[in-house]
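Coordinates in review
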Amino acid sequence: MQRTRQAGDTQDGATEVTAAGIARLAGVGRAAVSNWRRRHADFPQPVGGTETSPSFALAEVEDWLRRHGKLAEVPLRERVWQQLTGHPEGPITALLHAGCVLLLIHERPTVWLKLAAGSDEQLAQALPGALARELTRTAAPQDLTAGQLRPSVPLLRGAAELAAELGARQTFEFLLGRHLDANPRQYTLTPAELAALMADLAGPARTVLDPACGTGALLRALTPRPGQELYAQDSAPELAALTALRLALHTRAPVHAAAGDTLRADAHPELRADAVLCHPPFNERNWGHDELAYDPRWEYGFPARTESELAWVQHALARLKDGGTAVLLMPPAVASRRSGRRIRADLLRRGALRAVLALPLGAAPPYNLPLHLWLLRRPGQVPAQPELLLADAGRFAGEGRGGPDWQGVRETLLDAWRTFERAGRLDERPGLARSVPVIDLLDDDVDLAPARHLPPPAAADGPARLAEVRERLDETLRLTARLTPPPVTPAPSAEAPRRPLTTVGELARGGALVMRTGGSGGRERVPVLTDHDVLYGTDPSGTLPESDEEAVLTEPGDVVVPVLGGGSVARVVDEATAGAALGRNLVLLRPDPDALDPWFLAGFLRGTANNRQASSYASTATRLDVRRLQLPRLPLEEQRRYGARFRALDEFERALRQAGRLGEQLVRGMYDGLTDGTIPPG
């Protein structure tokens, strides 16, 4: 495996940590770490990295922090995470080693306890044999050596300690989830809600294959069943191994995971599965077009070089038994590109393609495209007059990055598919779904995009709905006029004396407020307040990956501040928002009501100059150091005077936003009504 760091490796292979990691360990800012290096001669010396971004031996740093009383409050999960990210062979190797030990703890806890009782060297020597002997249910790495495991021993002991708190499965999910969250551009992920929908569309299945498994999200979404067997393959060996470990921790089913290019070197050529779930790579030109011209999998036609997705479709069909179901995530262009029309036509004629379901924007990356789900069935007997189910869940798109209304998406698509499965056809559901006779689709284009074949929404959603929007807009505009701030007469400069200032960091140290940061997971199944929700004043719209991490729940009077994006924004949590979990890239400030007025705090945090002096700039982003934000020292009564004015401004801002949203809705509806004939021009 390629090493992710070379210059930073220590001579003895010890785990390293950067200044940012030290700051997280001690719960301070990076500036404090710089001060410690200057002021304390005994601070550990760099062992790697660069002059501008040095790295330090984690064990030496922990020892120094402990001796200076700065390590007492470090959570165990943070220490384990630092051990993983600072592993000399990189985080993927660390994840694989930790996953093997967590699986051993999960399945043979007494074996682990016996091994862990020895020294680090004894543990490293004994582990390879124990792993090879005990982990026979999965294709997880079993050829590890003592030399490879020796640098991982501190991490393995920490992971075992964390597993005693969270459980082995939850510990691995926490570490894997945090790694994926920290490296979003390195992986193409399938959101948990979409994975669950695809698994439900496939239905109950004993043998299931994912030929492009990635991190195993689709197979993990399956409901475990007696006698179930799981098959997976990925071109990246480390992802295939991570999938094997993840699934082995999640289910008792045998896991057959293999590494290799699925289209060029299929690891399961004899498999005939009950179901195939697949999120294939999109728009690949180098998929094997030149080498695979005579491959027997191309029953429906040889895919063009630009049609890699249709190669994956036919691979999935080839690995199904008769009557088996495949669910594939597809880019929308596959439904209409001219280069694929002959294969689409043959899939329809022979009854293999059963449904094309359009997802709303934001369902999965790339988030700017309404991706499709293709449902296929290995044809047994083709109906005399086959039909194709077409459905469009686009109306359930959320605002901005808030994500779709997954409950609406699930109910619409699952009900349409199950009704179609039972009857072989589906009556029109205006704007949502219908089944179309295959003969009607076999024209020159064979265009299967659902939006082109669905009837428009019912008339009840047209003029009557627009009348309601118009009435609400009138009310909102009148409210906005009443809330408009009165004219302002600037005070003479002589009447604006300098006021003593304090910072959020000082207030936190003094107990006037509590600071919390948003997490990357949680056991609570509640709506999540995202940075998008705070920036645009919308209701909590996000979700967090399920884990045993304690989510931060909002309370009335909390002040929430986004730390990315460079905007001057702060939101006071009201009764409607209270109880939501705090999302990523947000900081929550919980003021002591006897010392701080929340509206006074939020108002001064929004000052443009205040945000500018507390921000740092990278090449592509602006990050706000909330601790450096300033506000004046004022008596509580004076704070409340300011707070009342800031609250009135917030109400005015909300009314403006609502008016803008209603105005856009009215304009869009009028255009639609005039063009589809439901609204006359007079």
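Residues numbered from 1 in each chain as written. Predicted model: local features only at pLDDT ≥ 70, side-chain atom pairs only at ≥ 80, totals over all residues. Heavy atoms only, no water.

Per an unreviewed UniProt entry, the chain is named N-6 DNA methylase, and its organism is Streptomyces thermospinosisporus.

**Focus on the sheet that holds strand β8 (residues 320–330)**
In space, the nine strands of this open sheet follow the order β6-β5-β4-β7-β8-β10-β9-β11-β12, with mixed pairing throughout. Every interior strand has two partners, whereas the edge strands, β6 (255–259) and β12 (433–437), have only one. The mean inter-strand angle of the sheet, taken between neighbouring strand axes irrespective of direction, is 15 degrees. Those strands touched by helix α13 (residues 237–250) are β5 (229–234) and β6, and its axis lies near 170 degrees from that of β6. Contacting β9 (353–358), β10 (372–377), β11 (387–392) and β12, helix α16 (residues 406–423) runs over the sheet at an angle of about 170 degrees to β11. (Pairing = 2+ DSSP bridges. Helix = DSSP H or I, 4+ residues; strand = E, 2+ residues; numbered from the N terminus. Axes fitted to C-alpha atoms, helices over the stretch in contact; angles between N-to-C directions. Contact = heavy atoms within 4.5 Å.)

**A short note on the side chain of Arg-297**
Tracing the backbone through its elements, the reader meets Arg-297 in the loop between β7 (273–278) and α14 (308–318). Exposure remark for Arg-297: the relative accessible area of 6% places this residue in the buried category. Side-chain polar atoms of Arg-297 contact the backbone oxygen of Leu-263, separated by 2.4 Å. With residues up to four places along the chain from it excluded, the contact list for Arg-297 reads Thr-262, Leu-263, Asp-266, Leu-292, Gln-314, His-315, Ala-318 and Arg-319. (Buried < 20%, exposed > 50% of the residue type's maximum accessible area, 1.4 Å probe, protein only. Polar contact = N/O pair within 3.5 Å; in protein donor to acceptor, adjacent residues only side chain to side chain.)

**A short note on the pattern of salt bridges**
Summed over all chains, the structure comprises 39 salt bridges. Between Arg-378 and Asp-322 there is a salt bridge, and its shortest N-O distance comes to 3.9 Å. On the criterion of sequence distance, the pair formed by Arg-378 in the loop between β10 and β11 and Asp-322 in strand β8 is long-range, its members being 56 residues apart. The class of Asp-322 is exposed, set by a relative accessible area of 58%. Taking the shortest distance from any N to any O, the salt bridge between Arg-470 and Asp-474 comes out at 2.3 Å. You can see Arg-470 and its partner Asp-474 sitting in helix α18 (residues 463–483), four residues apart, about one turn around the helix. Among the charged side chains, a network of salt bridges with common partners joins Glu-299, Asp-322, Asp-346, Arg-350 and Arg-378. (Salt bridge = Lys/Arg side-chain N within 4 Å of Asp/Glu carboxyl O.)

**A word on the packing of aromatic side chains**
In the structure shown here, the tally under the stated rule is 11 aromatic pairs. On the basis of an interplanar angle of 85 degrees and a centroid distance of 5.8 Å, the ring pair of Phe-43 and Phe-56 is categorised as edge-to-face. Remark: Phe-56 occurs in strand β3 (residues 54–57) and Phe-43 occurs in the loop between α2 (30–39) and β2 (48–49); sequence separation between them is 13 residues. Each member of the pair Phe-43 and Phe-56 is classed as buried. Measuring from ring centre to ring centre gives 5.9 Å for Trp-287 and Trp-298, while their planes differ by 85 degrees; the resulting arrangement is edge-to-face. With a gap of 11 residues between them, Trp-287 in the loop between β7 and α14 and Trp-298 in the loop between β7 and α14 connect regions that are remote in the sequence. Trp-298 carries the same exposure label as Trp-287, and that label is buried. An aromatic cluster of at least three residues, connected via ring pairs, comprises Trp-36, Phe-43, Phe-56 and Trp-64. In this arrangement the basic side chain of Arg-77 is found over the ring face of Phe-174, its NZ or CZ atom lying 5.1 Å from the centre. (Phe/Tyr/Trp six-rings, centres within 6.5 Å; stacked < 30°, edge-to-face > 60°. Lys NZ or Arg CZ within 6 Å of the ring centre and 35° of its normal.)

**Topic: the sheet that holds strand β1 (residues 16–18)**
Sheet architecture is open: three strands sit in the order β1-β3-β2, paired in antiparallel fashion. The sheet is open, and its two borders are formed by β1 and β2, each paired with just one other strand. Relative to β3, β1 runs antiparallel, the two being bridged by three bridges. From the neighbouring strand, Thr-18 faces β3, where its bridge partner is Ser-55.

**Let's talk about the pairing of β5**
Counting buried positions along β5 yields five of six residues, so the element is predominantly enclosed. With five bridges connecting them, β5 and β6 associate as parallel partners. For Leu-230, the partnering residue across the bridge sits in β6 and is Val-255.

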